[in-house]
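Read off the chains here:
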Amino acid sequence: NRVQIQQAERVKLIGEMAASVAHEIKNPLTIVMGFTQILKGDKNLTEKQHSSLQLIDSELNRAQKIIYDYLSLAKTNEKDFERLNCVEVIENVIDVTKYHAQISGVEIINQTNGNFIVRANRNELTQVFLNMIKNAVESIDGSGQVIVSTQQVGKYLQVTIIDNGKGMDEEDVNSLGTPYFTTKENGTGLGMMVCFKIIDSLKGEINVTSIKGEGTTFKITLPLADEE
Ligand code: ADP
Ligand code: MG
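Residues numbered from 1 in each chain as written. Chains lettered and ligands numbered in written order. Predicted model: local features only at pLDDT ≥ 70, side-chain atom pairs only at ≥ 80, totals over all residues.

- Per an unreviewed UniProt entry, the chain is named histidine kinase, and its organism is Aquibacillus salsiterrae.
- UniProt, in its Catalytic activity (unreviewed entry) section for the chain, records the words "ATP + protein L-histidine = ADP + protein N-phospho-L-histidine."
- Turning to the chain, the UniProt annotation filed under Subcellular location (unreviewed entry) states: "Cell membrane". (UniProt positions renumbered as here; feature names shortened; annotations may be inferred.)

Written as structure tokens, this is what we have:
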């Protein structure tokens, strides 16, 4: 009915608004963070100035995290979907995350292969795999593995992300995607919300199975594009 449609449109508008604000804030924030680093290197700072800068720095970091988890939504108003090989998008994400993961003792094993064409926005799809692979890496305390694989299931592509991290109990699993739900000290709790929103808009699905203390498996199912 009409009222519901208006409500849905309002929600969409707020999302787009928040996203474009996030996008605009990204550059000035990066600059301020850079100058904060320079100031922190000053040898003549008083104790008080130093601790103030420390606080500025950690708050800036927090703001930046929120913006990074949220930025993808900036693209939703453009909705420029294209035909993409999903495997290529995942490989790019693994390339940018594997170095950081390795430093913290996590090996990302890439078992994706093939040519799986989906209709999507490249930035949005990148954001989904970035958020979810980062979550998998962050769930591992010490050394461990994240395995990313792809398989075709009928007219769908299924991407599986397995980690042997800390896992989740039922309550955590049910809270996934709720804005601001986080169990991390420096988490934003926005990453999974963004993932669900994007995958939903692509008529896909995210399924999760998790065992506390053993690990988690996420399955992302996406409709394959029709042949051209
Ligand atoms: P954030 O990463 O900022 O905490 P997310 O929305 O990305 O926010 O994730 C929300 C929460 O879901 C995380 O804090 C964590 O508790 C849980 N979570 C997500 N992915 C995993 C995973 N692979 N293993 C264990 N817990 C996870
Ligand atoms: Mg996250």
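1. Side note on the sheet that holds strand β6 (residues 205-211)
At step 1: Read from one edge to the other, the open sheet built from 5 strands follows the order β2-β4-β5-β7-β6, with strand pairing classed as mixed. Bordering the open sheet on either side are β2 (106-111) and β6, each of which pairs with just one other strand. Neighbour-to-neighbour, the strand axes of this sheet turn through a mean angle of 15°, independent of strand direction.
At step 2: Both strand β5 (residues 156-163) and strand β7 (residues 215-223) contribute to a ladder of 8 bridges, which runs antiparallel. Counted as the bridge partner of Val159 is Ile220 from β7. (Pairing = 2+ DSSP bridges. Helix = DSSP H or I, 4+ residues; strand = E, 2+ residues; numbered from the N terminus. Axes fitted to C-alpha atoms, helices over the stretch in contact; angles between N-to-C directions.)

2. Overview of the site of ligand 1
At step 1: Around ligand 1 there are 22 residues in total, and Asn135, Ser139, Thr182, Gly187 and Gly191 lie nearest to it.
At step 2: At the level of secondary structure, the elements contributing two or more residues to the shell around ligand 1 comprise α4 (122-138) and α6 (191-201).
At step 3: It is α4 that provides the largest number of residues to the shell around ligand 1, a total of 3 residues. (Near = placed C-beta within 6 Å.)

3. So, the confidence of the model for the chain
At step 1: Looking at the chain as a whole, the pLDDT averages 89, with 89% of positions reaching at least 70.
At step 2: Among the prediction metrics, the complex's ipTM stands at 0.99, with pTM recorded as 0.83. (pLDDT = per-residue confidence, 0-100.)

4. As for the nonpolar core
At step 1: Core analysis: the largest hydrophobic core is formed by 38 residues, its most contacted members being Cys86, Phe129, Met132, Ile133, Val146, Ile161 and Cys195.
At step 2: With 8 residues, the single largest contributor to this core is α4.
At step 3: Apart from the residues within four sequence positions on either side, Val146 is in contact with Val106, Ile108, Ile109, Ile133, Ala136, Val137, Ile161 and Asp163. (Core = buried A, V, L, I, M, F, W, Y, C linked by C-beta atoms within 7 Å. Buried ≥ 20, exposed ≤ 12 C-beta atoms within 10 Å, placed from the backbone. Contact = placed C-beta atoms within 7 Å.)

5. Digging into the packing of helix α3 (residues 86-103) against α4
At step 1: Two elements in contact, α3 and α4, have axes whose closest approach is 9 Å; the angle formed by their N-to-C orientations is 40°. On the basis of their axis angle, the class for α3 and α4 is oblique. Between α3 and α4 lies a crossing of right-handed hand. Residues Cys86, Val89, Ile90, Asn92, Val93, Ile94, Thr97 and Ala101 of α3 touch α4, and the partners they reach there are Arg122, Leu125, Thr126, Phe129, Leu130, Ile133, Lys134 and Val137.
At step 2: Class assignment for the residues of the contact of α3 with α4 results in 11 nonpolar, 3 polar and 2 charged. (Parallel < 35°, antiparallel > 145°, perpendicular 65-115°, else oblique. Left-handed = near helix turned anticlockwise from the far one by under 90°. Nonpolar A, V, L, I, M, F, W, Y, C, P; charged D, E, K, R; others polar.)

6. With respect to α3
At step 1: The end-to-end C-alpha separation of α3 is 27 Å, in line with the 26 Å expected for 18 residues at 1.5 Å each.
At step 2: A maximum bend of about 40° is found in α3 at Thr97.
At step 3: Turning to α3, its buried residues number three or more, namely Cys86, Val89, Ile90, Val93 and Ala101.
At step 4: One or two positions beyond α3, positive phi appears at Gly105, with a value near 90°. (Expected span 1.5 Å × (residues − 1). Bend = angle between axes of the 7 residues up to and from the residue.)

7. Focus: the packing of α4 against α6
At step 1: Two elements in contact, α4 and α6, have axes separated by 9 Å at closest approach and are oriented at 140°. On the basis of the axis angle, α4 is oblique to α6. Judged by the twist between their axes, the crossing of α4 over α6 is left-handed. Along its contact with α4, which presents Glu124, Gln127, Val128, Asn131, Met132 and Asn135, the element α6 presents Gly191, Met192, Val194, Cys195, Ile198 and Ile199.
At step 2: Looking at the contact of α4 with α6 residue by residue, the classes come out as 7 nonpolar, 4 polar and 1 charged.

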